[in-house]
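Here is what each chain is made of, one letter per residue.
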Amino acid sequence: FEVYPQVTVQGLSAINVVRPVADINEADIDTMIQRLREQRATFVDADRAAQNGDQVVIDFVGTRDGEAFQGGSAADSKLVLGSGSMIPGFEDGLVGAVKGEERVLALTCPADYHSEELKGQAVQFAVTVKAVQTKQLPEVNEEFIKTFSPKDPSMENFRVEIRQNMERELKNAVKNRVKKQVMDGVLEQNSVEAPKALIDSEIDRQRRQMVQQFGGGANFDYRTLPAELFETQATRAVKLALLLGELIKERQIKADSTRVRSAIEELAQPYENPEQVVSWYYENEQVLQQVEAMVLEDQVVDVILEQAQLNDQTMSYEEAVRPANQEQGED
């Protein structure tokens, strides 16, 4: 049988945390409006050669050693050049093509290609270009704004609402960055054995969560998902639960009801009837407990930050909301 580990928490003053500090300016709002336009872009036929950013409508047949392979053919397929949707070289090979042109692309499947038989193999694609289409962005007019702000489609209100959404995104991004650094620091400063029974339980929880997230259905057996996929993340979660649980016990921390209320009101804010959403949270014990657990974790982070080395770093909005792993160039 396994023995529940003795847990002590130390080294909090040695944790270094960098907290982003950013402002949202009018140029940031302009950039966000441009992204919203890009999301609602349409493609119209163009009487010219295809360029990166254009959409082409194509038929293609993929072959290896003259034989068609499974999954390598399609008709009336829409492909945005430069999107990276196809294997390396495919999209580049269609730049400059015109409607009605046929091209044969000699390519090599990447080493991580989804088909085991084709990994690293030389293939050919016979492609017929049926249309070249250019991207057309919608005008920022009342009709466009109505899709986001139906009650008040004025430009002034539109920019106010965009700023509010960006402020929420910035607040969450900063909070998540700080929390990740705190959690990483707690693990670095404290060595704790994670009991296998707890890891297995957490693996099962993450399996079930994945099935629910991707709509596996009631008939899908979550236990068929390989445990190895979840082991690293589950081990980390168990170790953190043990360490944070000890801190909660030592400091006798309880979820602050005022912060719970604020968190629920913030979650309800984007909905049309926030008051109804707030009532729903308080009427459903399970979801209320989830919010209380989230607030309790935030309070533990605050306790750790009181002892940690906290340094503010000024950066742009884009830098602040960018996931930390992207900023460091990691996959």
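You'll find the structure just up there.
Remarks on the pattern of salt bridges
Pairing between side chains of opposite charge can happen when their charged atoms approach one another.
Link 1 in the chain: The tally for this structure, following the rule as stated, stands at 24 salt bridges.
Link 2 in the chain: With a shortest N-O distance of 3.1 Å, Arg163 and Glu26 are connected by a salt bridge. Within this pair, whereas Arg163 is found in helix 3 (residues 155-189), its partner Glu26 is found in helix 1 (residues 26-39), the two being separated by 137 residues in sequence.
Link 3 in the chain: Using a relative accessible area of 43% as the deciding quantity, one classes Glu26 as partly exposed.
Link 4 in the chain: For Glu265, the salt bridge goes to Arg261, with nearest N and O atoms at 3.1 Å. Here Glu265 pairs with Arg261, and both are found in helix 6 (residues 257-268), just 4 residues apart, close to one helical turn.
Link 5 in the chain: Judged by its relative accessible area of 39%, Glu265 falls in the partly exposed class.
Link 6 in the chain: Since its relative accessible area comes to 38%, Arg261 is described here as partly exposed.
Link 7 in the chain: Each of Glu26, Asp30, Arg159 and Arg163 takes part in a single network of salt bridges with overlapping partners.

Here we look at the packing of aromatic side chains
Link 1 in the chain: Inspection of the entire model under this criterion finds 8 aromatic pairs.
Link 2 in the chain: Seen in terms of ring centroids, Phe144 and Phe158 are 6.3 Å apart; in terms of plane orientation they differ by 90°. Their pairing is edge-to-face. One end of the pair, Phe144, is in helix 2 (residues 142-146); the other, Phe158, is in helix 3, and 14 residues separate them in sequence. Phe158 carries the same exposure label as Phe144, and that label is buried.
Link 3 in the chain: Taking the centre distance of 5.2 Å and the plane angle of 80° together, the rings of Trp280 and Tyr281 count as edge-to-face.
Link 4 in the chain: Among the residues examined, Trp280 registers a relative accessible area of 41% and is labelled partly exposed.

Things to note about the packing of helix 3 against helix 8 (residues 285-305)
Relative placement of two packed helices is described by the angle separating their axes and the distance separating the axes.
Link 1 in the chain: Across the interface, helix 3 lies against helix 8 with an axial gap of 10 Å and an inter-helix angle of 65°. Overall, the two elements helix 3 and helix 8 adopt an arrangement that is roughly perpendicular. For the crossing formed where helix 3 meets helix 8, the hand is left-handed. Residue-level contacts link Lys175, Val178, Lys179, Val182, Met183 and Val186 of helix 3 to Glu297, Asp298, Val301, Ile304 and Leu305 of helix 8.
Link 2 in the chain: Among the residues making up the contact of helix 3 with helix 8, the classes are represented as 7 nonpolar, no polar and 4 charged.

What counts, and at which threshold
- Residues numbered from 1 in each chain as written.
- Predicted model: local features only at pLDDT ≥ 70, side-chain atom pairs only at ≥ 80, totals over all residues.
- Heavy atoms only, no water.
- Salt bridge = Lys/Arg side-chain N within 4 Å of Asp/Glu carboxyl O.
- Helix = DSSP H or I, 4+ residues; strand = E, 2+ residues; numbered from the N terminus.
- Buried < 20%, exposed > 50% of the residue type's maximum accessible area, 1.4 Å probe, protein only.
- Phe/Tyr/Trp six-rings, centres within 6.5 Å; stacked < 30°, edge-to-face > 60°.
- Axes fitted to C-alpha atoms, helices over the stretch in contact; angles between N-to-C directions.
- Parallel < 35°, antiparallel > 145°, perpendicular 65-115°, else oblique.
- Left-handed = near helix turned anticlockwise from the far one by under 90°.
- Contact = heavy atoms within 4.5 Å.
- Nonpolar A, V, L, I, M, F, W, Y, C, P; charged D, E, K, R; others polar.

Don't take any of this as a statement about function, it's just geometry.
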